[in-house]
Amino acid sequence: MSDACAAPPSRIVEGWYAHNATLIMLGAQERIVGTVARPSMLPWMFRLVPSLAKAETLDPGNLNAEELLSLHPDLVFVTSSSHSADALKRAGLNVAPEGFDRFDAMLDCVDGTATLLQTSIAAKRAQAYRIAFLQAVSQAPTDPQGPRVLHVESLKPLRVDGDDSIIDQWIRSAGGRNAAQGVHGNKQPVSVEQVLAWNPDIVIVGANTGDPAGLKQDPVWSKVKAVQSGRVYRNPAGLFPWDRYGPELLLQVIWARQIVRTGQVDVPSMIRSIRSFYHEFYGIALSARDAQRMLEALPPSDTP
């Protein structure tokens, strides 16, 4: 990690998709000189943070020390599971590995990133975010007998999110139980027959998995309780997918609680929450229309 006495980093390379959203929240978007993020994957991020388009696009599977050195970064973020961290350090780069699978570790990641950035806006937003997140979670008691929720990361191929994941934690925080019993970690391949055996009460599909409407016509999916009862939902997405490893988890907790407890979303209330969230933590003035598109897992209307 960087020397606390060193100057604040002015040139940052971002090697973890999700962590881009944290850097932006902490006011460091203008300092990102290289990133693994792409407009095709994260259209809202590039629409709302146009300065990101100036950063060099990097290959997440091959963070090359020579390429990174040419960007002259003061700080390089990588995932804690990255195999490239040691090689990048040996090349003389200042590397900060980041990763978490729990709410508390996510808050520590936000705080740690703010410490590295050494700016007043980073410190202020990290503190405000921690307070707001803990308040939101405190209003969501878990329910060991709650409905069984299956979170589908991909429909084709079929992959789901099990325990030992932040997805599992927000499902429980919303008052549900993770239906993917015996599955450990993120993005794990399963068969549709296994889904039928679990027979979840609620199915939530990731924003990028496509429209789940076709599940009603599928010979196996159509037998699943959640599909039969119309309790299949598409997860919203903003700068980053809300359901995964970014600060928008605060919105996810609010949204998922409505889904689990009432079976529907209070759209006007949710749009207010969305606009307030991006204004307070990102300094972004989001229109009601854009907030609704995020809620419906749609890209910006001007996306090609």
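Just above sits the structure.
Just so we're clear, the structure is a prediction, and the values are computed from it rather than from any experiment.

Colleague: How do you make sense of the environment of Ser51 when you look at a structure like this?
Modeller: Relative to the elements of secondary structure, Ser51 occurs in the loop between α2 (43-48) and β3 (56-57). Remark: the alpha-carbon pair of Ser51 and Glu30, spanning 21 residues in sequence, is separated by 6.2 Å. Sequence-distant contacts of Ser51, defined by excluding residues within four places in its chain, comprise Gln29 and Glu30.

Colleague: What exactly am I supposed to notice about the pairing of strand β2 (residues 32-35) here?
Modeller: Bridging between strand β1 (residues 12-14) and β2 involves 3 bridges; their strand directions are parallel. When the bridges of β2 are listed, Ile12 appears paired with Ile32. Taking the sense of rotation as the criterion, the β-α-β connection linking β1, helix α1 (residues 19-25) and β2 turns out right-handed. One crossover worth recording links β2 to the parallel β3 by way of α2, and it is right-handed.

Colleague: What exactly am I supposed to notice about the side chain of Asp161 here?
Modeller: Its place among the elements puts Asp161 in the loop between β7 (159-160) and α7 (166-173). Of the residues examined, Asp161 reaches a relative accessible area of 0% and is grouped as buried. A distance of 3.0 Å separates a polar atom in the side chain of Asp161 from the backbone nitrogen of Lys187. There is a polar contact of 2.9 Å between the side chain of Asp161 and the side chain of Arg244. The contact partners of Asp161, leaving out residues within four places of it in the chain, are His151, Glu153, Ile167, Asn178, Ala180, Gly185, Asn186, Lys187 and Arg244.

Colleague: Explain the layout of surface pockets to me, please; I cannot follow it from the model alone.
Modeller: Take a probe with the size of a water molecule and roll it over the atoms, and the empty space left behind shows itself. Space inside the largest pocket adds up to approximately 900 Å³. Taken together, 36 residues form the lining of the largest pocket, with Trp16, Tyr17, Lys187, Phe240 and Arg244 sitting closest to its centre. The residue inventory of the lining of the largest pocket, partitioned by class, reads 14 nonpolar, 16 polar and 6 charged.

Colleague: When you look at helix α10 (residues 249-262) in this model, what are you seeing that I'm missing?
Modeller: The first and last C-alpha atoms of α10 sit 20 Å apart over 14 residues, in line with the 20 Å expected at 1.5 Å per residue. Most of α10 is tucked away: 11 of the 14 residues are buried. All of the buried residues along α10 are Leu249, Leu250, Leu251, Gln252, Val253, Trp255, Ala256, Arg257, Gln258, Ile259 and Val260. Just past α10, the residue Gly263 takes up positive phi, approximately 80°.

Colleague: Quick question: what am I supposed to make of helix α11 (residues 267-282) here?
Modeller: Counting along an α-helix, one turn takes 3.6 residues, and residues three or four places apart therefore face a common direction. In a regular helix each residue adds 1.5 Å, so 16 residues correspond to 22 Å; α11 covers 22 Å between its end C-alpha atoms and thus fits that length. Along α11, the residues classified as buried are Met270, Ile271, Ile274, Phe277, Tyr278, Phe281 and Tyr282. One face of α11 carries all of its buried residues, which in axial projection span an arc of 135°. For α11, exposure combined with an orientation more than 90 degrees from the buried face picks out Arg272 and His279. Just beyond α11, the residue with positive phi is Gly283, at close to 65°.

Colleague: Could you clarify how one ought to interpret the sheet that holds β1 in this entry?
Modeller: Whenever strands of a sheet pair, they do so through backbone hydrogen bonds, lying parallel or antiparallel. Read across the sheet, 5 strands follow the order β3-β2-β1-β4-β5 without closing on themselves; strand pairing throughout is parallel. Unpaired on one side and paired on the other, β3 and β5 (95-98) mark the two borders of the sheet. For β1 and strand β4 (residues 75-79), the ladder comprises 3 bridges, and the chain directions are parallel. In the strand pairing of β4, Glu14 is matched with Phe77. Sheet contacts for helix α5 (residues 103-117): β1, β4 and β5; angle to β5, the most-contacted strand, approximately 165°.

Rules and cut-offs
- Residues numbered from 1 in each chain as written.
- Predicted model: local features only at pLDDT ≥ 70, side-chain atom pairs only at ≥ 80, totals over all residues.
- Heavy atoms only, no water.
- Helix = DSSP H or I, 4+ residues; strand = E, 2+ residues; numbered from the N terminus.
- Contact = heavy atoms within 4.5 Å.
- Pairing = 2+ DSSP bridges.
- Right-handed = clockwise from strand over helix to strand, strands pointing away.
- Buried < 20%, exposed > 50% of the residue type's maximum accessible area, 1.4 Å probe, protein only.
- Polar contact = N/O pair within 3.5 Å; in protein donor to acceptor, adjacent residues only side chain to side chain.
- 1 Å grid on protein atoms, 1.4 Å probe; cavity = no way out; pocket = protein on both sides within 12 Å on 5 of 7 lines; lining within 4 Å.
- Points joined across faces, edges and corners; volume = space filled by probe spheres on them.
- Nonpolar A, V, L, I, M, F, W, Y, C, P; charged D, E, K, R; others polar.
- Expected span 1.5 Å × (residues − 1).
- Arc of directions from axis to C-beta.
- Axes fitted to C-alpha atoms, helices over the stretch in contact; angles between N-to-C directions.

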